[in-house]
Amino acid sequence: MGIKTAISKDDLPLKYQGISLVQTTDGVSDSVYLLEEKFVLKIFESPSLEIVENEKKLLQMTSTLKVPEIVDSFYIREKPAVIYTQIAGQSVDKPQTDQIRQISRFLKEFHSLTKTLKSSNTILFSKNRLETLIMNSGNDELLKHFNSINIELKEDGIIHGDLFCDNAKFQNGLLSGVYDFSEACNGDFIFDLGVTAVSWCFEGHSLHKEKLEALRSSYSLDLEYDRFKEYIKYALLYYATTRYINNRDYKELLMKLENL
């Protein structure tokens, strides 16, 4: 994580040059800066305008929810750049049950708006793609877990795909917003809820049943506990694999997976 395209204020349009520019470590595939407490600047490392246009359309379509607003777009060093409104509040490290209920209700509302819609973004989370990533990694431990997970994934609509705790903020105990839709693509809604469980419903390396039940009930998930665990396992494996490939710490996710 971190800045891939280092810039100064001189690289910005004139109207933003009087605002302080602060680097963040938030971006995984892209470079993210803060413009004081007003805006967020994201420089897309992919030159594809289609990715940017898809994100614009998604945020416009879900504007009734607590998501950022796009206020400007331009190019920086031949790369597309977007400025968003900055969401007030703080991310949580140890989410409480009420916060989990709020994030679950957000996800349910998000899915109700994106159901059956099609994104032209690459489908990132399919079994075929994950198997290819694992085979190319040469990691036998990851392959063993892949072969042990019994799951079939649907294409219900557009999913967030990355709703970890650091992609949401709370203010005065209330959800103030969800952001970072870079991974948004078509996928399985229950898998999307499983990704959320990975970050919000564990304490240490163990799944916290009360927190998981808060997530399930607030989403009105009608699926047996053991079946839902398969989606959580798949989410853990997917992110363990991508972290392994990108030379990031993946062991913690594998330990969670092995404890399920």
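Before reading further, recall that the structure is shown in the block above.
Residues numbered from 1 in each chain as written. Predicted model: local features only at pLDDT ≥ 70, side-chain atom pairs only at ≥ 80, totals over all residues. Heavy atoms only, no water.

Colleague: For this particular structure, what's the right way to read the packing of helix α4 (residues 140-148) against helix α8 (residues 251-259)?
Modeller: It is the contact of α4 with α8, at a shortest axis distance of 12 Å, that shows an interaxial angle of 35°. α4 and α8 meet at a crossing whose hand is left-handed. Between α4, through Glu-141, Leu-142 and His-145, and α8, the contact on the second element is made entirely by Lys-251, Leu-254, Leu-257 and Glu-258. Per-class residue counts for the contact of α4 with α8 are three nonpolar, one polar and three charged. (Axes fitted to C-alpha atoms, helices over the stretch in contact; angles between N-to-C directions. Helix = DSSP H or I, 4+ residues; strand = E, 2+ residues; numbered from the N terminus. Left-handed = near helix turned anticlockwise from the far one by under 90°. Contact = heavy atoms within 4.5 Å. Nonpolar A, V, L, I, M, F, W, Y, C, P; charged D, E, K, R; others polar.)

Colleague: What's the story with the side chain of His-111 in this structure? I'm lost.
Modeller: Relative to the helices and strands, His-111 resides in helix α2 (residues 97-114). For His-111, the side chain forms a polar contact with the side chain of Tyr-219, separated by 2.6 Å. Once residues within four sequence positions are removed from consideration, His-111 is found in contact with Ile-158, Ile-159, Phe-189, Asp-192 and Tyr-219. (Polar contact = N/O pair within 3.5 Å; in protein donor to acceptor, adjacent residues only side chain to side chain.)

Colleague: It is not clear to me how the layout of surface pockets should be interpreted in this structure. Could you clarify?
Modeller: Space inside the second largest pocket adds up to approximately 180 Å³. Taken together, 14 residues make up the lining of the second largest pocket; nearest its centre are Asn-54, Lys-57, Leu-58, Ser-119 and Ile-158. It is helix α1 (residues 49-61) that provides the largest number of residues to the lining of the second largest pocket, a total of six residues. Looking at the lining of the second largest pocket residue by residue, the classes come out as seven nonpolar, four polar and three charged. (1 Å grid on protein atoms, 1.4 Å probe; cavity = no way out; pocket = protein on both sides within 12 Å on 5 of 7 lines; lining within 4 Å. Points joined across faces, edges and corners; volume = space filled by probe spheres on them.)

Colleague: Would you explain unusual backbone geometry in this entry?
Modeller: Most peptide bonds adopt trans geometry, and most residues besides glycine take a negative phi value. For Asn-172, which is not glycine, the phi torsion reads 55° and is therefore positive. In this structure, Asn-172 sits in the loop between β7 (168-171) and β8 (174-178). A relative accessible area of 78% places Asn-172 in the exposed class. (Buried < 20%, exposed > 50% of the residue type's maximum accessible area, 1.4 Å probe, protein only.)

Colleague: Honestly, the pairing of β7 in this entry has me stumped. Any pointers?
Modeller: Regular strands place their side chains on alternate faces of the sheet. Note that β7 and β8 share four bridges and pair antiparallel. Paired with Phe-170 across the strands is Leu-175, a residue of β8. Following β7, the chain reverses through two residues before pairing antiparallel with β8; Asn-172 in that reversal takes a positive phi of roughly 55°. (Pairing = 2+ DSSP bridges.)

Colleague: For this particular structure, what's the right way to read the packing of aromatic side chains?
Modeller: Note on aromatic pairs: each is described by the distance of the centres and the angle between the planes. Counted according to the given criterion, the structure contains eleven aromatic pairs. Judged by centre distance (4.8 Å) and plane angle (65°), the ring pair of Phe-125 and Tyr-238 falls under edge-to-face. Residue Phe-125 is found in the loop between α2 and α3 (127-137), and its partner Tyr-238 is found in helix α7 (residues 225-245); the two are separated by 113 residues along the sequence. A relative accessible area of 3% places Phe-125 in the buried class. The exposure class assigned to Tyr-238 is buried, which follows from its relative accessible area of 3%. Each ring, one from Phe-170 and one from Trp-200, has its centre 6.1 Å from the other, and the planes form 65°; the classification is edge-to-face. Taken as a pair, Phe-170 in strand β7 and Trp-200 in helix α5 (residues 189-200) lie far apart in primary sequence, 30 residues in all. By way of ring pairs, the aromatic residues Phe-125, Phe-164, Phe-191, Tyr-234, Tyr-238 and Tyr-239 are connected into one cluster. (Phe/Tyr/Trp six-rings, centres within 6.5 Å; stacked < 30°, edge-to-face > 60°.)

Colleague: Teacher, can you tell me more about the pattern of salt bridges here?
Modeller: Think of it this way: side chains of opposite charge can pair up when their charged atoms draw near. A complete count under the given rule lists ten salt bridges for this structure. Linking Lys-42 and Glu-55 is a salt bridge whose minimum nitrogen-to-oxygen distance equals 3.3 Å. A residue pair is termed long-range when its members are at least 10 positions apart, and Lys-42 in strand β3 (residues 39-43) and Glu-55 in helix α1 qualify at 13 residues. Judged by relative accessible area, which is 6%, Lys-42 ranks as buried. (Salt bridge = Lys/Arg side-chain N within 4 Å of Asp/Glu carboxyl O.)

Colleague: Please clarify how α7 should be interpreted in this entry.
Modeller: Since the α-helix advances by 3.6 residues per turn, residues separated by three or four positions end up pointing in the same direction. If you check α7, its first and last C-alpha atoms are 30 Å apart, about what 21 residues at 1.5 Å a residue would give, namely 30 Å. Among the 21 residues in α7, 16 count as buried, and that is most of the element. Among the residues trailing α7, Asn-247 stands out with phi positive, at a value near 60°. (Expected span 1.5 Å × (residues − 1).)

Colleague: Which parts of the structure should I look at to understand the environment of Tyr-179?
Modeller: Along the chain, Tyr-179 turns up in the loop between β8 and β9 (185-187). By relative accessible area, Tyr-179 is classed as buried at 18%. Tyr-179 sits 33 residues away from Leu-212 along the chain, and the two C-alpha atoms are 22 Å apart. Excluding anything up to four places from it in sequence, Tyr-179 contacts Pro-68, Ile-87, Ser-91, His-160, Asp-166, Asn-167, Ala-168 and Lys-169. Side-chain polar atoms of Tyr-179 contact the backbone oxygen of Asp-166, separated by 2.9 Å.

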